[in-house]
Amino acid sequence: MERKLFKYRILPEKVEQLHQWMQTLNSRKEELLQTIEHEKVYFENIFLLEEEGFQWLYFYMLADDIEFALEQYAKGIFEIDRIHLGFAKECIDFSYTAPDFKEMVYISRQTDRIIND
């Protein structure tokens, strides 16, 4: 089981598209579940934060294999993935390099058994 936190800066002129994209994801939940199951992602959480005068997206992912999940997403097998890829190409500022987040994980024994059994 692998965990990863991603941080993306949104281009200032693309903030409206960001909100449209989030609404699209929320309205197409079944498709979203289909794609994350295909990617073997157990949990994905997205946070939006305004910081340093920019809008930032934080993605937290729990998956069998993060690299595999990202490869499947990049293939754009599902329409919702293609929408997501289009948003990313148009709205994310790829000149920004995210930090390498250090993590500390505390998880109950019961949850650990559920995840790892």
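Model, not experiment: these values are computed from the prediction.

Engineer: What exactly am I supposed to notice about the packing of helix α1 (residues 15-27) against helix α4 (residues 79-91) here?
Structural biologist: Think of two packed helices as two axes; the pair is described by the angle between the axes and how far apart they sit. Following both chains from N to C, one finds α1 and α4 inclined at 165 degrees, their axes separated by 11 Å at the closest point. It follows that α1 is roughly antiparallel to α4 by the angle criterion. Between α1 and α4 the crossing geometry is left-handed. Listed contacts from α4 to Q17, L18, W21, T24 and L25 of α1 are I80, I83, H84, F87, E90 and C91.

Engineer: Sorry, what's going on with the side chain of K7 here?
Structural biologist: Mapped onto the elements of the fold, K7 is located in strand β1 (residues 2-9). Within the local environment of K7, its side chain forms a polar contact with the side chain of Y58, the two groups lying 3.4 Å apart. Among the polar contacts made by the side chain of K7, one reaches the side chain of Y96 at a distance of 3.5 Å. Non-local contacts of K7, meaning those with residues more than four positions away in its chain, are made with E51, W56, L57, Y58, Y96, A98, P99 and F101.

Engineer: So what exactly am I meant to see when it comes to the packing of helix α3 (residues 66-75) against α4 here?
Structural biologist: Between α3 and α4, the least distance of the axes is 8 Å, while the angle of their chain directions is 90 degrees. With respect to α4, the element α3 is oriented roughly perpendicular. Contacts between α3 and α4 involve Q72, Y73 and A74 on the former and, on the latter, D81, H84, L85 and A88. Residue classes in the contact of α3 with α4 are distributed as four nonpolar, two polar and one charged.

Calculation rules
Residues numbered from 1 in each chain as written. Predicted model: local features only at pLDDT ≥ 70, side-chain atom pairs only at ≥ 80, totals over all residues. Heavy atoms only, no water. Axes fitted to C-alpha atoms, helices over the stretch in contact; angles between N-to-C directions. Helix = DSSP H or I, 4+ residues; strand = E, 2+ residues; numbered from the N terminus. Parallel < 35°, antiparallel > 145°, perpendicular 65-115°, else oblique. Left-handed = near helix turned anticlockwise from the far one by under 90°. Contact = heavy atoms within 4.5 Å. Polar contact = N/O pair within 3.5 Å; in protein donor to acceptor, adjacent residues only side chain to side chain. Nonpolar A, V, L, I, M, F, W, Y, C, P; charged D, E, K, R; others polar.

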